[in-house]
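These are the residues of each chain, in order.
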Amino acid sequence: MLDELLDLEHQGWKSLCNSTGADFYGQNMTSDGVMVLAHGQVFDRQAVIDSLNEAPPWRTYDIVDERLIALSDDHAILVYTGRAYRDENEPAFIALMSSAYTRQDGAWRLALYQQTPVPAQP
């Protein structure tokens, strides 16, 4: 289960790097799914799609310290630290991230994604 969900997270981040995030999350979020973002907003599925159509791409990303909380065979939460980089001169965006997945019609779907920024270290 960890490998499956981690693969989905990587697919999502890759889509954010190659500007196909709107399509990816439009296909892989539940119809009532939401994202709770670091800047203090909650986006429903349609708002996620709309915002990603306008978002600048990430240059690269890292996922570390991943762990799985299995709630059942069809529900799980993936927690990790994510680091994403846009421009060479910009500092990394670092956050603790959690993705709650549910299996629908045999496929994992993202129901909730949340970011908690990690404060910059001096």
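Look up a bit, the structure's there.
Now for a quick tour of the structure. (Residues numbered from 1 in each chain as written. Predicted model: local features only at pLDDT ≥ 70, side-chain atom pairs only at ≥ 80, totals over all residues. Heavy atoms only, no water.)

## What to know about the sheet that holds strand β6 (residues 107-117)
- Strand order across the open sheet formed by six strands is β2-β1-β6-β5-β4-β3, with mixed pairing between neighbours. Looking at strand neighbours, the two that pair on one side only are β2 (42-44) and β3 (60-72), the edges of this open sheet. Here the average twist between neighbouring strands, direction ignored, is 20 degrees.
- Where strand β1 (residues 29-36) meets β6, four bridges bridge the pair, whose relative direction is parallel. Counterpart to M29 in the pairing with β6 is L110.
- Along the sheet face, helix α1 (residues 2-17) touches β3, β4 (75-85), β5 (93-104) and β6 and points at about 145 degrees away from the line of β3. (Pairing = 2+ DSSP bridges. Helix = DSSP H or I, 4+ residues; strand = E, 2+ residues; numbered from the N terminus. Axes fitted to C-alpha atoms, helices over the stretch in contact; angles between N-to-C directions. Contact = heavy atoms within 4.5 Å.)

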